[in-house]
Amino acid sequence: MKSPGQQGIDTLRLSESARKELLARLNTKASSAGSEGRRTDRVVYEPISGVICRLVHPGGTTSNCLIQPRNLSSGGMSYLHGSFVHVGSRCELVLPTIKRQAMLVAAAVVWCRHVCGWVHEVGVHFDQPLALNTFVKSTTPEPPPADPVWTALDGRLLYVEDSADERDLVKFHFQSRGVGIITAADGLDALELNESHPLETIMTSSTLLGISGAELVGALRAAGFTKPIIVLNADASDEARVQAITSGATAVLDKPYDFEDLLKCLAANLALVHNNPAQEALTSQHWANVPMRPLILGFLERLDHHVAQLADLAKDQENWAIVQKLCLDLRASAGGYGFPQISAAARDLYDSLAQRVNVEVAQDLKELASLCRSACSIRDTPPAT
């Protein structure tokens, strides 16, 4: 959808005092009735100038309206509108932030109810969750993540960014939380630091001079780094996001981001690592068949190249038919050599390619690569017989 214009029709046609009275009555009624079944906490959100909304109606026609928000949550919002809106209708909202900026948010209508006269209340669900403190001032600041996850970062977090301004800003934010971080200005420095420092987590910009963020992620994974790598996506494009995930990134966060969201992302992935210690290598079901072991090891020697070829070809949708053929080949051979998990992952990737969903293709490639790395580790430490 294109961005809605900055003008819209006021469908409510109510005076300011009438709007306030109606909102007060609805808020009082909701308070006495309970939570209204919402999954996420709501906050009052009533911009004085209202909100511009571009609605796409079932017949394909569009309209720009000036709506009156009632409340806001990270997952959606409700607003007052001067007519009925069909459930499932797509819309774009221009939401004012606390810094008096405007953010374009895509959403879908999930419910609509009559209030009085021509006034209806409409509920929408956002395509992507929002950080509430971008739009409303919080009276209870969220504390930093609890130990031991948070303290694990101190002195063991590497931030790779070629912009000195961004390095200084991020370093300041972490140090104000009592967490020391290491910084690097390019990918080569980051690779050297990975060899000389015991790192817990690495954050990198997607756009670096020389080695790109995605290339750095791939090099770190090839060097054996298994902890979380967070890619900060500078151009916020799907292509960059897919490249990062395919290369082995744990998570991708689009710039500009709210620092609290970065903390939550780091804490969640660190907790996942600490709560799930390293698992044993993926072992062939036929490993007990001693005469077959040389065949299994030969398959594993070729597996690295096979998966790297899949990832490289998958970057261009024109190659996806070839990638599907390779997936079918891997599905058959992996099952025959006693790796049903790899076989199932190859089938999942095949299905995602057929549906042509970039993000799912990237996630399935990442899962397949992880399983293959686990299986290939047997070459260094063969399982006990």
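Described in the following lines is the structure provided in the data block. (Residues numbered from 1 in each chain as written. Predicted model: local features only at pLDDT ≥ 70, side-chain atom pairs only at ≥ 80, totals over all residues. Heavy atoms only, no water.)

1. Here's the deal with the overall build of the protein
Looking only at helices and strands, the protein has 10 helices and 13 strands in total. Scored against the burial criterion, the 385 residues of the protein give a buried share of 42%. The long-range fraction of contacts in the protein, counting pairs at least 24 apart against all pairs at least 6 apart in sequence, stands at 65%. Of the roughly 20100 Å² that the protein leaves accessible, carbon and sulfur atoms contribute 53%. (Helix = DSSP H or I, 4+ residues; strand = E, 2+ residues; numbered from the N terminus. Buried < 20%, exposed > 50% of the residue type's maximum accessible area, 1.4 Å probe, protein only. Contact = heavy atoms within 4.5 Å. Areas by Shrake-Rupley, 256 points an atom, 1.4 Å probe, with all protein chains shown as cover.)

2. Here's the deal with the packing of aromatic side chains
In this structure the tally under the stated criterion is four aromatic pairs. Where Phe-299 meets Tyr-337, the ring centres are 4.6 Å apart and the plane angle is 10 degrees; that geometry is what we call stacked. With a gap of 38 residues between them, Phe-299 in helix H7 (residues 293-314) and Tyr-337 in the loop between helix H8 (320-336) and helix H9 (340-355) connect regions that are remote in the sequence. A connected cluster of aromatic rings, assembled from ring pairs, spans Phe-299, Tyr-337 and Phe-339. (Phe/Tyr/Trp six-rings, centres within 6.5 Å; stacked < 30°, edge-to-face > 60°.)

3. Section: the pairing of strand S7 (residues 102-116)
With seven bridges joining them, strand S6 (residues 90-96) and S7 adopt antiparallel strand pairing. Opposite Glu-92, over in S7, you have Ala-106 as the bridge partner. The antiparallel pairing of S6 with S7 creates a hairpin that spans five residues between the two strands, and Arg-100 there sits at a positive phi of about 65 degrees. With eight bridges connecting them, S7 and strand S8 (residues 119-126) associate as antiparallel partners. (Pairing = 2+ DSSP bridges.)

4. Remarks on H8
End to end, H8 covers 24 Å across 17 residues, agreeing with the expected 24 Å (1.5 Å per residue, within 8%). Structurally, H8 contributes buried residues whose contacts are with H7, H9 and helix H10 (358-376). (Expected span 1.5 Å × (residues − 1).)

5. Section: the environment of Ser-377
Tracing the sequence through the fold places Ser-377 in the segment after H10. Its relative accessible area of 25% is what places Ser-377 among the partly exposed residues. Note: C-alpha distance between Ser-377 and Leu-300 (77 residues apart in sequence) is 9.1 Å.

6. Looking at the pattern of salt bridges
Per the stated rule, a full pass over the model turns up nine salt bridges. A salt bridge links Asp-127 to Arg-90; its shortest N-O distance comes to 2.6 Å. Of this pair, Asp-127 sits in the loop between S8 and strand S9 (157-160) while Arg-90 sits in strand S6, and the two are 37 residues apart along the sequence. With a relative accessible area of 40%, Asp-127 lands in the partly exposed category. Judged by relative accessible area, Arg-90 falls into the partly exposed class, the value being 29%. Between Asp-351 and Arg-347 there is a salt bridge, with the nearest N and O atoms lying 3.2 Å from each other. A residue pair is termed a helical-turn pair when its members lie 3 or 4 positions apart in one helix, as Asp-351 and Arg-347 do in helix H9 at four residues. Overall, Asp-351 belongs to the partly exposed group, its relative accessible area being 28%. Using a relative accessible area of 31% as the deciding quantity, one classes Arg-347 as partly exposed. Counted as one network, the salt bridges with shared partners bring together Arg-70, Arg-113 and Glu-121. (Salt bridge = Lys/Arg side-chain N within 4 Å of Asp/Glu carboxyl O.)

7. Some words on the packing of H7 against H10
To describe two helices that pack against each other, one gives the angle between their axes and the distance between the axes. Between H7 and H10, whose axes approach to 10 Å, the crossing angle comes to 165 degrees. With respect to H10, the axis of H7 lies roughly antiparallel. Seen from above, H7 lies across H10 with left-handed handedness. Where H7 abuts H10, its residues Leu-300, Leu-303, Asp-304, Val-307, Leu-310, Ala-311 and Ala-314 lie against Leu-365, Leu-368, Ala-369, Cys-372, Ala-375 and Cys-376. Across the contact of H7 with H10, the residue classes tally to 12 nonpolar, no polar and one charged. (Axes fitted to C-alpha atoms, helices over the stretch in contact; angles between N-to-C directions. Parallel < 35°, antiparallel > 145°, perpendicular 65-115°, else oblique. Left-handed = near helix turned anticlockwise from the far one by under 90°. Nonpolar A, V, L, I, M, F, W, Y, C, P; charged D, E, K, R; others polar.)

8. Some thoughts on the sheet that holds strand S13 (residues 251-254)
The five strands are arranged S10-S9-S11-S12-S13 in an open sheet whose pairing can be described as parallel. Two strands close off the open sheet at either side, each with one partner strand: strand S10 (181-184) and S13. Within this sheet the neighbouring strands show an average axis-to-axis angle of 20 degrees, counted without direction. As judged from the four bridges shared by strand S11 (residues 201-205) and strand S12 (residues 229-233), these two strands associate in the parallel manner. Note that in S12 the partner of Met-203 across the bridge is Ile-230. Along the sheet face, helix H4 (residues 213-222) touches S9, S11 and S12 and points at about 155 degrees away from the line of S11. Along the sheet face, helix H5 (residues 238-247) touches S12 and S13 and points at about 155 degrees away from the line of S13.

9. Details of the environment of Asn-358
Residue position: Asn-358 is located in helix H10. Along the primary structure Asn-358 and Gln-317 are separated by 41 residues, whereas in three dimensions their C-alpha atoms are 9.0 Å apart. With residues near it in sequence (within four places) discarded, Asn-358 still touches Val-242, Gln-317 and Trp-320.

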